[in-house]
Amino acid sequence: MEVFLFAVLFVAVAALAVSLALNSAASKRAKAARKKREYTQEELYDEIVSLVAAEKYQQAFDLWRQYASDARFSLGYKDLADHFHYATALKGYVGVPEVFLHDVKAALEKVSPGFHKAADYLREVTELCETVCGVYTKEAEAAAEYRMEIAADGTADIRYEQPQNYITVSYIKGSKVAWTIENGSVSAGKVSGGPYFLKLIPCLGGMEVEDRRRYGNDLEMCGSYVRQS
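Below or above, wherever it landed, is the structure these notes cover. Computed from a prediction, not measured in an experiment: that's the story for all the values here.

Parameters and conventions
- Residues numbered from 1 in each chain as written.
- Predicted model: local features only at pLDDT ≥ 70, side-chain atom pairs only at ≥ 80, totals over all residues.
- Heavy atoms only, no water.
- Pairing = 2+ DSSP bridges.
- Helix = DSSP H or I, 4+ residues; strand = E, 2+ residues; numbered from the N terminus.
- Axes fitted to C-alpha atoms, helices over the stretch in contact; angles between N-to-C directions.
- Parallel < 35°, antiparallel > 145°, perpendicular 65-115°, else oblique.
- Left-handed = near helix turned anticlockwise from the far one by under 90°.
- Contact = heavy atoms within 4.5 Å.
- Nonpolar A, V, L, I, M, F, W, Y, C, P; charged D, E, K, R; others polar.
- Expected span 1.5 Å × (residues − 1).
- Buried < 20%, exposed > 50% of the residue type's maximum accessible area, 1.4 Å probe, protein only.
- Arc of directions from axis to C-beta.

### Digging into the sheet that holds strand E6 (residues 185-193)
Spatially, the nine strands line up as an open sheet ordered E4-E3-E2-E1-E9-E8-E7-E6-E5, and their pairing is antiparallel. Each edge of the open sheet is held by one strand with a lone partner, namely strand E4 (167-176) and strand E5 (178-182). The average angle at which neighbouring strand axes cross in this sheet is 25°, direction not considered.

### Here's the deal with the packing of helix H3 (residues 57-67) against helix H4 (residues 80-90)
Remark: H3 packs on H4, axes separated minimally by 8 Å, with the N-to-C direction vectors making an angle of 125°. The angle between the axes of H3 and H4 places the two elements in the oblique class. By crossing handedness, the relation of H3 to H4 is classed as left-handed. Mapping the contact onto sequence places Tyr57, Ala60, Phe61, Trp64 and Arg65 in H3 and Leu80, Phe84, Tyr86, Ala87, Thr88 and Leu90 in H4. Of the residues assigned to the contact of H3 with H4, the class counts are nine nonpolar, one polar and one charged.

### Remarks on helix H2 (residues 41-53)
With 13 residues, H2 extends 18 Å from end C-alpha to end C-alpha; this agrees with the ideal 18 Å at 1.5 Å per step. Within H2, the full set of buried residues consists of Gln41, Leu44, Tyr45, Ile48, Leu51 and Val52. Relative to the axis of H2, the buried residues are bounded by an arc of 130° and lie together on one face. Among the structural elements, H3 and H4 are those in contact with the buried residues of H2. Immediately beyond the C-terminal end of H2, within one or two residues, lies glutamate 55, with a positive phi of roughly 60°.

### Considering the pairing of strand E9 (residues 223-227)
By the bridge criterion, two bridges tie strand E1 (residues 134-140) to E9 in an arrangement that is antiparallel. Bridge assignment links tyrosine 136 to a residue of E9, and that residue is arginine 227. Where strand E8 (residues 206-211) meets E9, four bridges bridge the pair, whose relative direction is antiparallel. Considered in E9, the bridge of valine 209 is made with glycine 223.

### Points about unusual backbone geometry
For glutamate 55, which is not a glycine, the phi torsion comes out positive at approximately 60°. Residue classification places glutamate 55 among the exposed positions, given a relative accessible area of 54%. For lysine 78, which is not a glycine, the phi torsion comes out positive at approximately 45°. Structurally, lysine 78 is set in the loop between H3 and H4.

Any functional reading would require information beyond the geometric quantities listed.
In structure tokens form, the structure reads like this:
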């Protein structure tokens, strides 16, 4: 009886292994077939237009990038460039947990103003950028200060400055900030540089800076910053 049960179990396992192998092979063949699909310029255009209309922005972006190096295709065809840049912007903005606002803004600026909702999104993103971009400072001992600059290009710099002794220490320099958008406003940001992993929280009159890891030796930079400009 034990031998019989073992044989049955062996056959079942073997059948399952064969089934999984066949499914894997079929999946690979289907994937290869999709990769090898040949488009005319018009067909590629129609497919990207359809994906953008369905708000499948990442797929539209990926499809063009897959064929962009092929000399047969051009972004100059009809309004394909508008579709591509629109998809480039919204794949990183709509329905995503963290947004690089400058990247979205830069992509939308390449889209014709009358294309879909490009003008509305550009206005919205520009206003969000303006709420966080600027210079923020926090006083330190010995007439020094911590200075944080969030630039229009989406990067942040945080420095310690003590002018009378000509001391400047850079903590984070030129690092991109990933922002969280909630209810139409920026609720928080994440920025990293070197050993520092910081959270930025907009507040009335300035910005709160927190250590995301909640430990470290040089985190005097954390605290309440007052917006200067």
